[in-house]
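Close look at the chain arrangement
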Amino acid sequence: MNRTTDLVIIGGGPAGLAAAVAARKAGVQDILILERDRELGGILNQCIHNGFGLHTFKEELTGPEYAGRFIAQVQEAEIPYLLNTMVVDISATAGGKTKIVTAMNKEDGLMNIEARAVILAMGCRERPRGALNIPGYRPAGIYSAGTAQRFVNMEGRMPGREVVILGSGDIGLIMARRMTLEGAKVKVVAELMPYSGGLKRNIVQCLDDFGIPLKLSTTVIDIKGKERVESVTLAKVGPDRKPIPGTEEEIPCDTLLLSCGLIPENELSGMAGVTLSPVTSGPVVNESFETNIEGVFACGNVLHVHDLVDYVSEEATAAGGRAAAYLKGELEGEGSQEVTIKGEGGVRYTVPSTLHVDRMTDKQVVRFRVGNVYQNCDLAVYFNDTCIQKLHKKVMAPGEMEQVILLKNKLQETENLTNITIRVEQPTA
Amino acid sequence: METRELTCIGCPLGCALTVTMNGEDITVTGNTCPRGAEYAKKEVTDPRRIVTSTVRVTGGSLPAVSVKTKSDIPKGKIEDCILALKNVSLTAPVHMGDVVLSNVADTGVDVIATKNIL
Ligand SMILES: Cc1cc2nc3c(=O)[nH]c(=O)nc-3n(C[C@H](O)[C@H](O)[C@H](O)COP(=O)(O)OP(=O)(O)OC[C@H]3O[C@@H](n4cnc5c(N)ncnc54)[C@H](O)[C@@H]3O)c2cc1C
Ligand code: SF4
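The text that follows walks through the structure, step by step, so that each part is easy to find.

Cut-off values and rules
- In this convention, every chain numbers its residues from 1, walking through the sequence in written order.
- Each chain is given a letter, starting from A, and each ligand a number, starting from 1, according to the order in which they appear as written.
- With pLDDT at 70 or above as the cut-off, local features in this predicted model cover only qualifying residues; side-chain atom pairs require 80 or more to be listed or tallied, and sums for whole chains, interfaces and linings still use all residues.
- To get the side-chain values, take all heavy atoms of the structure and skip hydrogens and water.
- Each helix is a run of H or I in the DSSP string that is no shorter than four residues. Each strand is a run of E no shorter than two, and both are numbered from the N terminus.
- Residue exposure (1.4 Å probe, protein chains only): buried if accessible area is under 20% of the type maximum, exposed if over 50%, otherwise partly exposed.
- In what follows, residue pairs with any heavy atoms lying within 4.5 Å of each other are defined as contacts.
- Just to be clear on terms, a salt bridge is a Lys or Arg side-chain nitrogen sitting within 4 Å of an Asp or Glu carboxyl oxygen.
- Strand pairing requires that DSSP identify at least two bridges connecting the strands.
- Here a crossover is taken to be right-handed if, once the strands point away from the viewer, the path from the first strand over the helix to the second is traced clockwise.
- Working definition: residue near molecule or strand if any one of its non-hydrogen atoms lies within 4 Å of it.
- Throughout, the ten residues Ala, Val, Leu, Ile, Met, Phe, Trp, Tyr, Cys and Pro are labelled nonpolar, Asp, Glu, Lys and Arg are labelled charged, and all others, Gly among them, are labelled polar.
- Definition of nonpolar core: a set of buried residues of the types Ala, Val, Leu, Ile, Met, Phe, Trp, Tyr and Cys, connected through side-chain atoms within 4.5 Å.
- N or O atoms closer than or at 3.5 Å make up a polar contact, with two conditions inside protein: a donor-capable atom paired with an acceptor-capable one, and, for residues adjacent in sequence, both atoms drawn from side chains.
- Using a 1.4 Å probe, the Shrake-Rupley method yields the accessible areas, and only the shown protein chains count as cover for residues.

Before going further, it helps to spend a moment on the environment of A:Leu262. All names here are of chain A. Topologically, Leu262 is positioned in strand β18 (residues 262-264). Residue classification places Leu262 among the partly exposed residues on the basis of a relative accessible area of 27%. As a C-alpha pair, Leu262 and Thr354 span 92 residues in sequence and 25 Å in three-dimensional space. Residues within four places of Leu262 in sequence aside, it is in contact with Cys124, Arg125, Glu126, Arg127, Ile171 and Val305.

Across the contact, 26 residues belong to chain B and 28 residues belong to chain A. Viewed at the interface, chain A and chain B are joined by five salt bridges. Residue B:Lys115 pairs with A:Glu39 through a salt bridge whose shortest N-O separation is 2.8 Å. If you list the elements that add at least two residues to the side of chain B that touches chain A, you get β5 (52-58), β6 (64-69) and α2 (78-86) of chain B.

Right, let's get into the pairing of strand β2 (residues 31-34) of chain A. Working note: regular strand, side chains alternate between the two faces of the sheet. Residues and elements named next belong to chain A. Across the two faces of β2 the burial is the same, with Ile31 and Ile33 and Leu32 and Leu34 all buried. As paired strands, strand β1 (residues 2-10) and β2 are joined by four bridges and run parallel to one another. Across the sheet, residue Ile9 finds its bridge partner in β2, namely Ile33. The parallel pair β1 and β2, bridged by helix α1 (residues 14-25), forms a crossover whose chirality is right-handed.

Neighbouring ligand 2 are the residues B:Cys8, B:Gly10, B:Cys11, B:Leu13, B:Gly14, B:Cys15, B:Asn31, B:Thr32, B:Cys33, B:Arg35 and B:Gly36. For the shell around ligand 2, a count of residues per class yields five nonpolar, five polar and one charged.

Here we take up the nonpolar core. In terms of nonpolar packing, the biggest core is built from 65 residues, with A:Leu7, A:Ile9, A:Ile10, A:Leu34, A:Val101, A:Ile119 and A:Leu120 touching the most fellow members. Top element by residues in this core is helix α7 (residues 309-327) of chain A. It accounts for nine residues. Leave out the neighbours within four places in its chain, and A:Ile9 touches A:Gly16, A:Ala19, A:Ala20, A:Ile31, A:Leu32, A:Ile33, A:Leu34, A:Ile119 and A:Ala121. Of all hydrophobic cores here, the second largest spans 23 residues; its members include B:Leu62, B:Val67, B:Cys81 and B:Val109.

Quick look at the site of ligand 1 now. Residues and elements named next belong to chain A. Within the structure, ligand 1 sits among 32 residues, and Ala15, Glu35, His49, Asn301 and Val309 are positioned closest to it. The backbone of Asp307 places a nitrogen or oxygen atom 2.9 Å from a nitrogen atom of ligand 1. For ligand 1, whose unbound accessible area comes to 1000 Å², protein coverage reaches 94%. Of all the elements in the fold, those that place two or more residues in the shell around ligand 1 are α1, β3 (50-52), β6 (86-92) and α7. For the shell around ligand 1, the class distribution of residues is 17 nonpolar, twelve polar and three charged.

All names here are of chain B. Mapped onto the secondary structure, Val99 falls in strand β9 (residues 99-101). Along the sequence, Val99 and Asp80 sit 19 residues apart, while their C-alpha atoms lie 18 Å from each other. In this structure, Val99 is in contact with Asp110, Val111 and Ile112, ignoring residues within four places of it in sequence.

Okay, here's the thing in structure tokens:
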């Protein structure tokens, strides 16, 4: 089966949904959302805890409720979507400006959809177990935290009774609370780094509330058990992240959850020739969330991993609007001066990483993460070599996304602007 | 006199708070801004949480539906709330917002579904 459409959105999670609604509002009639799952909503369907939408709706919603609000908007706008439909390839038509999105499902089999623009919104997946660098046999009882979350929250099944969690990312923290409430004993959360990768509120509400210890600079060095996990051995690590002999501690348990972080889902993007950032593993984009391939946009966790869904919705709304502008031929100014944005001195990356002054909106949000915990420092922004703003920060941590806002008129006032640098600096006292 | 150590969740700074309770008299130290003191006072006098969980469903597309307490309940009632939900079993269809259990654990708060199971 073959069809054509103006805009294909790959992924029906919060990013895809918000992008679709924004594109429709901006006048794009012919939109198609492709989702491989049996329902819309993405990862939020398994995130049944509250804490979503504090910024967007000024309410603490659960994941499914937050997704529900956007699903309702998509349905109200009568934006078509296909479920159980997996996108397997994206390619450019020969010479033309359009893209061919190849997808498959049971009813239609393999289909080629010719699209004038594509928005990538495939979300992210968990880092594979390889992160657990232990030789030898893998008994049953080792799960990624996200898989455990799916079991418990969607299927109502418990993966085990006595649990050790490796990694203090948010999913691990949330699962510590969830499994405790369901009657399991979570013995410890071990974190390799000297700081937690999760949000502070999750440490308080998921660990402290239940007296679950968090051991920093600690890793798993051995797993015992043939059929099923019987115990794991923890050890402290030094600054080189290598185990320190003599600090071993064996903890009996039947389950080990791995919460080793998330990574953008970019196999498709790679196949399509989209340039990926070595830092985020997500596409490199400009001010319009457009990748190096004209007409291919990206937003949400496929672009860089977010901890707050509110920011995903905001970013996706912007991306949907820009894709609409592209379709209407309004994303002109390609030829105008391109400005590079880079992160330095603790700023690991920036989204976007380039911008065209003529194409930007009045305010451009630049989002990024820092590589370490910084206290009492300045976030400095340089236009070429001139520092134009300094923002004092009491604390910044890798677990929380940061942002600066660039004003178009400020950029226009700067002559021969070629690069913008964002940097963490110690204040000169 | 009693003291407690808390971490403020008001913002990413996560100040380490020390709360000293002397009968009615509560003093908070370690907070960088007034929100920290407010949080600590509430936390030591009337700590509350929204509780989320799942409830069994038969005849639907999935065997469980996610639920939450409609508003926050006293922290000490969390366990009773979870136990009460273990005895609930629903039949599809279940709609977002449906009351799953009213006045859970005598808190005066209802538990509602947070997802559609059709
Ligand atoms: C476990 C967990 C807990 C979280 N907790 C919080 C929280 O407490 N508060 C908060 O604000 N935020 C939280 N977040 C963050 C927030 O939920 C995410 O940032 C947000 O869901 C990302 O949206 P997305 O649309 O980019 O990705 P997703 O929700 O992952 O959606 C991507 C969609 O694309 C589909 N897809 C992927 N590949 C294909 C393909 N090839 N073909 C078709 N479809 C495809 C997937 O099936 C999925 O539905 C949490 C995230 C996780 C993972
Ligand atoms: S006391 Fe104020 S500054 Fe400190 S964590 Fe709480 S809200 Fe933030």
